[in-house]
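This is what each chain is made of:
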Amino acid sequence: MSIYLDYQSACPVDPRAVEFAGRYLAEDFGNPSALHATGLAAKAVVEEAREKVARLINAEGPSTIIFTGSATEANNLAIHGTAARNAGAGKQLLASAIEHISVLNPLKYLQKTGFSLSLVPVDASGLLDLEALKGQVSPETVLTSVQYGSSEIGTVQPIKEIAEIVHSGARYLHVDATAAAGKIPIDVQRDSIDLLTISSNDLYGPQGAGALYVRPGVRLQPVSFGGGQERGLRPGTENLFAIAGLGEAARLAGQELEAEGSRLKGMRDRLIGEILKIEQSHLTGHPQRRLPHHASFRFSRIEGESILLTLDAMFGIQVSTGSACSSRTLEPSHVLLAIGLKHEEAHGSMVMTLGKRNSQDEVPAIVEAVEKTVQRLRAMSPL
Ligand code: PMP
């Protein structure tokens, strides 16, 4: 028996998206820039995918969507693209202190080239400190980047309020919606978002595609140069299979978001309720304002890595310790430190992200396995 609870690091591709996109591998395999029939068929499916992604986030139209190779690439394009294009207007960059490294690292790189970077603090539940944001936003601020929902602690930000503050003094708001898209309704027009990142695989689409929404009128400088694909912002021959699959996955996610969201929320709430009965266990992130598929905890006196390995080896249950990208380093997560945890507290984290293949029937086995794991590790712990 194995129970997979790590949908934030990888999702199985939805068979319906594979079925839809499969023919673009070997049958309708054309280059969307070619003018013959095979090329035109390929172009049509890219445009169809653009339309489907635009609809998922209620964008103004398909031309607002730029396909990239990943969420990381979309984040880099949003950040480098706006910074380079608007450097004349100001040199200040802002981001929440709990952004993913694919947002923080391009911002830190820009710092070395003469931009200033300020990280806006969050409270103990991970919500952005809006007063601090108000204090930091200025006409010099060219870009503010805040994630929609955290893949590490599940907290969902009040994006509309954040957008109002950002636009009161500064230019663009970039929102990394990698963890939130397809999980909760997103409306870029309602929330006045300027740039928004989406990942294909987080929507159960194929790996190898991402998308950046660019509000009409927002100007970006390209960061790579080549052919004129994707309005010149992401040159290079399109990954037809991944883009077609991302489009279909976005359509399915929009259609099933409400039902799947409430199904996962039911399971999430049972898991949280039961796991918090374990002695010295704590929820990380916000208790209510959180992604429907996200349950994250910390346990005193034991290490997240030991929890992960024991759950996997002894019970076939696969979880994460937090950010998939930093879980191979021994540094405590910057997200957990930003919500005010001490180093030793931040080391005891366990993140469960639920998905399509999970069901409520699994809850008792998961809870029992976590109880036994925590007991066993505490019995062995020198702390
Ligand atoms: N943003 C967030 C919030 C993430 O969790 C991740 C990792 N899944 C990324 C961006 C980067 O995604 P990718 O590694 O697929 O480019």
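The structure presented is a predicted model; accordingly, all values stated were derived computationally and were not measured.

A. Up close: the overall build of the chain. The number of helices and strands found in the chain is 12 helices and 12 strands. Whereas a compact globule of 383 residues would reach a radius of gyration of roughly 21 Å, the chain reaches 21 Å, a difference of no more than 12%. Overall, the chain is about 65 × 50 × 35 Å in size when its C-alpha atoms are taken along their principal axes. A fraction of 74% describes how many contacts in the chain between residues 6 or more apart in sequence connect residues 24 or more apart. Summing over all exposed atoms, the chain offers an accessible surface of approximately 15,700 Å²; the carbon and sulfur share of this is 53%.

B. Quick peek at helix α8 (residues 240-275). With 36 residues, α8 extends just 43 Å between its outermost C-alpha atoms, more than 12% less than the 52 Å of an ideal straight helix rising 1.5 Å per residue. In α8, a bend of some 65° at L257 exceeds every other bend along the element.

C. How the structure looks around the pattern of salt bridges. Taken as a whole and judged by the stated rule, the model has 20 salt bridges. Note that K356 and D14 form a salt bridge whose closest N and O atoms lie 2.6 Å from each other. Of this pair, K356 sits in the loop between β12 (349-353) and α12 (363-380) while D14 sits in the loop between β1 (3-4) and α1 (15-21), and the two are 342 residues apart along the sequence. Here E256 and R16 are joined by a salt bridge, their closest N and O atoms 2.8 Å apart. Taken together, the residues span a long stretch of sequence, with E256 in helix α8 and R16 in helix α1 at a distance of 240 residues. Given the relative accessible area of 25%, E256 is considered partly exposed. On the accessibility criterion, R16 (37% relative accessible area) is partly exposed.

D. Local environment of the sheet that holds strand β5 (residues 141-147). The strand order across the open sheet formed by 7 strands is β2-β8-β7-β6-β5-β3-β4, and the pairing between neighbours is mixed. Two strands lie at the open edges of the sheet, namely β2 (65-68) and β4 (116-120), each paired on one side alone. Between one strand axis and the next, the sheet turns through 20° on average, direction left out of account. Judged from the 5 bridges that link them, strand β3 (residues 92-96) and β4 form a sheet pairing that is parallel. Following the sheet pairing, L93 is matched in β4 by L117. Against the sheet, helix α4 (residues 71-86) touches β2, β5, β6 (172-176), β7 (195-199) and β8 (210-214), its axis set at about 160° to β7. The strands touched by helix α7 (residues 159-169) within the sheet are β5 and β6, with β6 carrying the most contacts at an inclination of about 155°.

E. Local environment of the site of the ligand. Contacts to the ligand come from Q8, S70, A71, T72, N75, H100, S102, S151, D176 and T178. S151 is positioned with one of its side-chain polar atoms (N or O) 2.9 Å from an oxygen atom of the ligand. One nitrogen or oxygen atom from the side chain of T178 is found 3.4 Å from a nitrogen atom belonging to the ligand. Within the complex, 81% of the 400 Å² of free accessible area of the ligand lies under protein. Each residue belonging to the shell around the ligand can be placed in one class, and the counts come to 1 nonpolar, 8 polar and 1 charged.

Definitions and cut-offs
- Residues numbered from 1 in each chain as written.
- Predicted model: local features only at pLDDT ≥ 70, side-chain atom pairs only at ≥ 80, totals over all residues.
- Heavy atoms only, no water.
- Helix = DSSP H or I, 4+ residues; strand = E, 2+ residues; numbered from the N terminus.
- Rg over C-alpha atoms; globule rule 2.2 N^0.38 Å.
- Contact = heavy atoms within 4.5 Å.
- Areas by Shrake-Rupley, 256 points an atom, 1.4 Å probe, with all protein chains shown as cover.
- Expected span 1.5 Å × (residues − 1).
- Bend = angle between axes of the 7 residues up to and from the residue.
- Salt bridge = Lys/Arg side-chain N within 4 Å of Asp/Glu carboxyl O.
- Buried < 20%, exposed > 50% of the residue type's maximum accessible area, 1.4 Å probe, protein only.
- Pairing = 2+ DSSP bridges.
- Axes fitted to C-alpha atoms, helices over the stretch in contact; angles between N-to-C directions.
- Near = heavy atom within 4 Å.
- Polar contact = N/O pair within 3.5 Å; in protein donor to acceptor, adjacent residues only side chain to side chain.
- Nonpolar A, V, L, I, M, F, W, Y, C, P; charged D, E, K, R; others polar.

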